[in-house]
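# Commentary on secondary and tertiary structure
This is what each chain is made of:
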Amino acid sequence: MKISDRISRVEYAIRDVMLHAREYQKTGKEIMYLNIGDPVAFDFKTPLHIKNALVDALASDNDYYTDSEGWSELRKSIVGKEKGKKGLDLTPDDVLVTNGVSEGLDMVMGSIVEDGDQIMLPGPYYPPYSSYAKFYGGSITEFGIHEDGTPNLDDIKNKISSKSKAICIINPNNPTGEVFSRKSLQSLIDIAAENNLYIICDEIYDEIVFNEEFNGIGSVSRDAPVILLNGFSKTYLMTGLRCGYVCMNNNSRQLDPLRQNIFKLARVRIASNFPVQIAANAALHGSQEHLPIMVQKLKKRRDLVYKRLNEINGLECTKPKGAFYMFPKIDLNNRWKNDLEFVIDLLNSTGVLTVHGSGFGCSGAGHFRIVYLPQEEILEKSMDKIQTFITKKSV
């Protein structure tokens, strides 16, 4: 039987490489997983007060349907973070709680994208932005990022057309770890305002930055049609619990149609997981002491991987400013026809699983993504394997 053409537009490189890993697993050899950004799968564990809140919610029978828009107490707490700490003008009525940021992104794209619309993404970008936009009939246009990490404003302006609908920002960026400055964010806001475009900004890694001051998009939003995506997976180590949210700038009247209609999608899917929302609320109000500890551990691991990769002939890497990804460039030099072949060859030769850069858009071609979440001894072992692998291929 025929399936829809829409589904053929969906790709997710980060999980798709697992198909190759499953074949490798049949050999019985060890796999070193450097492909998925799940800190809880390593030695970063959900804080105890968050776990206790979840358990207490279940023990108290708070596991029924709550409001489709999200539990009112959590929505108020999200306003406290995004308005009180980061400057985005909000009321609880501007907040939609979702089952992870991915569901929020799906709802946003489903609400604003029509056939032929153009969504602008920084190259490289997190793959679901492309998949959801294409699923709803849109197309992707990548805009360039300068070597200093600032967006190429001329490139963006030259690529805007009558079909352009939104500029998307992932800040800090997945897969590069780049962090946009306040000035860069302001420039993107200005371009969006001049061209009547939505600004969709994903700040899921907002607390995971190194030696940088993080500026939230809310601090420069004014009355621009800014849609903020955020959640609890990374900062609060709640990856498998799936809780995210969408915030719409209260100062923007251009967002009124979205504000009035996106909640229809929330009602159709009934509600987000109520016990998890209670845990998320505890995350915002409870101890934050795990954050500096996590960031310090990640910084140490980042520095280790950055040093090791740049010592390998044939690799070139920029030091990330945030998140927990490295995005080295490969000198393919006729040894591999593309970055996907490199990643598969690396897996089959060493057991080290990474993600091909072209899965993050055209700008990612010739790169691969490494997650530096594992303990240092695992990272050292992985870097040894990568170095030996590339050295042998260079002979």
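Residues numbered from 1 in each chain as written. Predicted model: local features only at pLDDT ≥ 70, side-chain atom pairs only at ≥ 80, totals over all residues. Heavy atoms only, no water.

This part is about the domain arrangement of the protein. Interface size is commonly expressed as the accessible surface area that is lost when the partners come together. The domain boundaries assigned to the protein delineate domain 1 (7-45 + 290-393) and domain 2 (49-285). Relative placement of domain 1 and domain 2: their C-alpha centres are 26 Å apart. A per-residue breakdown of the area domain 1 buries against domain 2 is headed by Arg9, Lys321 and Phe360, which together make up 23% of the total. Inspection of the domain 1/domain 2 interface yields 1 salt bridge. Taking the shortest distance from any N to any O, the salt bridge between Glu178 and Lys321 comes out at 3.1 Å. Between domain 1 and domain 2 we count 16 residue pairs in polar contact (both at pLDDT 80 or more) in total. Broken down by secondary-structure element, the contributors of at least two residues to the side of domain 1 that touches domain 2 are α11 (290-310) and β10 (325-326). By residue class, the composition of the side of domain 1 that touches domain 2 is 20 nonpolar, 7 polar and 8 charged. (Domains from an automatic or database assignment. Buried area = accessible area lost by both parts, 1.4 Å probe. Salt bridge = Lys/Arg side-chain N within 4 Å of Asp/Glu carboxyl O. Polar contact = N/O pair within 3.5 Å; in protein donor to acceptor, adjacent residues only side chain to side chain. Helix = DSSP H or I, 4+ residues; strand = E, 2+ residues; numbered from the N terminus. Nonpolar A, V, L, I, M, F, W, Y, C, P; charged D, E, K, R; others polar.)

Our next topic: the pairing of strand β2 (residues 95-98). Here β2 shows two buried faces, one formed by Val95 and Val97 and the other by Leu96 and Thr98. Where β2 and strand β8 (residues 244-248) come together, 4 bridges link them in antiparallel fashion. What sits directly across from Thr98, in β8, is Gly244. (Buried < 20%, exposed > 50% of the residue type's maximum accessible area, 1.4 Å probe, protein only. Pairing = 2+ DSSP bridges.)

Residue Pro124 follows Gly123 across a cis peptide bond; omega there is 0°. The residue Pro124 is located in the loop between β3 (118-122) and α6 (127-135) in this model. Look at the link from Asn171 to Pro172: it is a cis peptide, with omega at -5°. If you trace the backbone, Pro172 turns up in the loop between β5 (164-170) and α8 (182-194). At Asn333, a position not held by glycine, the phi torsion is positive, near 45°. On the secondary structure map, Asn333 appears in the loop between β11 (329-330) and α12 (339-350). Overall, the relative accessible area of 51% leaves Asn333 in the exposed class.

Attention shifts here to a nonpolar patch on the surface. Together, Ile3, Ile7 and Val10 line one region of the surface with nonpolar side chains, adding up to about 270 Å² of accessible area. Position of Ile3 relative to the elements: it lies in the segment before α1 (13-16). (Patch = residues over 30% accessible without salt bridge, like charges linked within 9 Å, V, L, I, M, F, W, Y side chains within 5 Å. Areas by Shrake-Rupley, 256 points an atom, 1.4 Å probe, with all protein chains shown as cover.)

Another aspect to go through is the side chain of Arg302. By the secondary structure assignment, Arg302 is in helix α11. For Arg302, a relative accessible area of 3% corresponds to the buried category. Of note is the side chain of Arg302, whose polar atom sits 2.9 Å from the side chain of Asp303. Every residue in contact with Arg302, bar those within four places of it in the chain, is listed here: Phe210, Asn211, Lys319, Pro320, Lys321, Met326 and Tyr372. (Contact = heavy atoms within 4.5 Å.)

Throughout the structure, instances matching the rule amount to 26 salt bridges. Between Glu380 and Arg308 there is a salt bridge, with its nearest N and O atoms 2.6 Å apart. In this pair, Glu380 is assigned in helix α13 (residues 376-394) and Arg308 in helix α11, connecting sequence segments 72 residues apart. For Glu380, a relative accessible area of 31% puts it in the partly exposed group.

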